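Understanding the architecture of this molecule
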Amino acid sequence: MPEAKLHDGSTIELAVHGQGPTLLLPVNPVPVEGAQADAMREWGVDPALGRSLIDGLADAFRVVAFDYEGHVMSTPKPDTLTPANVAADLLAVADAVDAARFTYYGYSWLALSGLQLAIRTDRLSALVMGGYPPLGGPYAEMLRVTMVTHEMSGQSPAPQQKKEPTEVFDWDSVEVTLTEAQTRQFVTLYEELRGFDDQAAQANLSCPRLCFAGSADKIEYSERWGGVTVDIAGPIIGRRAELESLGWEVRVLDGLDHTQAMQAPNVLPILRPWLESWVTGS
């Protein structure tokens, strides 16, 4: 597998599938198995999500898949996971596969990473943000949640109760099992984004762009998690006309929450046709 050298000197493996315009896809290309897969299913996540997305796109695009989230969890960057460094890492991936031009799709914090990339380079053929609004993003709320998570990361976890797959997920039952370094890197990221003006950033975007979210993508955290509401759907639905006037195409997935809207059967019917309509060369 080809590798890319990231901003901290670490390397990440890249899985390249198919031919055509290059699409950077920050997902795990290898299906997860065993106990971790069972835990993912409890959250409603397909353990083979990355593989499913690759399989749905590789006959039309040169898909470059790389598990960036898995990498930062296994090789934390507590002081250096800044927006500028994340963007540099994504460009390093493109460089490693000789992609002078490329498309990017990211979901959740990897979507906001795509926005940070887009305002720093003119190499994007198209940008797709899923599960994070390009306008009115909950940066302050995410900083609060990540700070609380970081505070909890030094505490001993309490015994966890088994959750049945059909239950609504209870955030108050979750215990933080991440390390201090793993959680601090996201505090670093959102602290750097504290003053980010996503309205002003729109003037720096020129490539075709699409955003989408589930209409039920809203999490109300209890006081244990900072007492904030992270509303992803609200800004996309409420500011849809403004987004469209700024050049964004907008899709809302009726009734779906954050986890449901990222699954391949819901993403591919939106992502693939849109990319095919806009991306004509690598």
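In this text the structure is predicted, and so the values were computed from the model without any measurement.

Basis of the calculations
- Residues numbered from 1 in each chain as written.
- Predicted model: local features only at pLDDT ≥ 70, side-chain atom pairs only at ≥ 80, totals over all residues.
- Heavy atoms only, no water.
- Phe/Tyr/Trp six-rings, centres within 6.5 Å; stacked < 30°, edge-to-face > 60°.
- Helix = DSSP H or I, 4+ residues; strand = E, 2+ residues; numbered from the N terminus.
- Lys NZ or Arg CZ within 6 Å of the ring centre and 35° of its normal.
- Salt bridge = Lys/Arg side-chain N within 4 Å of Asp/Glu carboxyl O.
- Buried < 20%, exposed > 50% of the residue type's maximum accessible area, 1.4 Å probe, protein only.
- Core = buried A, V, L, I, M, F, W, Y, C linked by side-chain atoms within 4.5 Å.
- Contact = heavy atoms within 4.5 Å.

Attention now moves to the packing of aromatic side chains. The full count for this structure, using the stated rule, is seven aromatic pairs. Residues Tyr 107 and Phe 212 carry aromatic rings whose centres are separated by 6.1 Å and whose planes lie at 45° to one another, so their mutual orientation is tilted. In this pair, Tyr 107 sits in strand β6 (residues 102–107) while Phe 212 sits in strand β8 (residues 209–214), placing the two residues 105 residues apart along the sequence. Put simply, the rings of Tyr 68, Trp 109 and Phe 186 pair up and form one aromatic cluster. Taking the ring centre of Trp 248 as reference, the NZ or CZ of Arg 209 above it sits at 5.6 Å.

Time to look at the pattern of salt bridges. Oppositely charged side chains may form a pair once their charged atoms are brought near each other. Applying the stated criterion to the full structure yields eleven salt bridges. Asp 79 is the partner of Arg 184 in a salt bridge, and the nearest nitrogen-oxygen pair spans 2.6 Å. Residue Arg 184 is found in helix α7 (residues 180–192), and its partner Asp 79 is found in the loop between α3 (68–74) and α4 (83–96); the two are separated by 105 residues along the sequence. With a relative accessible area of 26%, Arg 184 lands in the partly exposed category. Its relative accessible area of 55% is what places Asp 79 among the exposed residues. The shortest N-O distance in the salt bridge between Arg 240 and Glu 244 comes to 3.2 Å. Pair noted here: Arg 240 and Glu 244 are both in helix α10 (residues 240–245), with a separation of four residues, about one helical turn. Residue classification places Arg 240 among the partly exposed positions, given a relative accessible area of 33%. Note on Glu 244: relative accessible area 41%, which makes it partly exposed.

Quick look at the nonpolar core now. By size, the foremost hydrophobic cluster in this structure holds 58 residues, and its most contacted members are Tyr 68 and Trp 109. Broken down by element, this core gets its largest block of residues, seven residues, from helix α5 (residues 109–118). When neighbours within four sequence positions are excluded, Trp 109 is seen to be in contact with Tyr 68, Glu 69, Val 72, Phe 186, Leu 189 and Tyr 190. By size, the runner-up hydrophobic cluster in this structure holds 29 residues, among which are Val 27, Ala 58, Val 63 and Leu 271.

The next subject is unusual backbone geometry. Residues other than glycine seldom take positive phi values, yet Asp 98 does so here, at roughly 55°. Relative to the assigned elements, Asp 98 resides in the loop between α4 and β6. For Ser 108, which is not glycine, the phi torsion reads 65° and is therefore positive. Among the residues examined, Ser 108 registers a relative accessible area of 22% and is labelled partly exposed.

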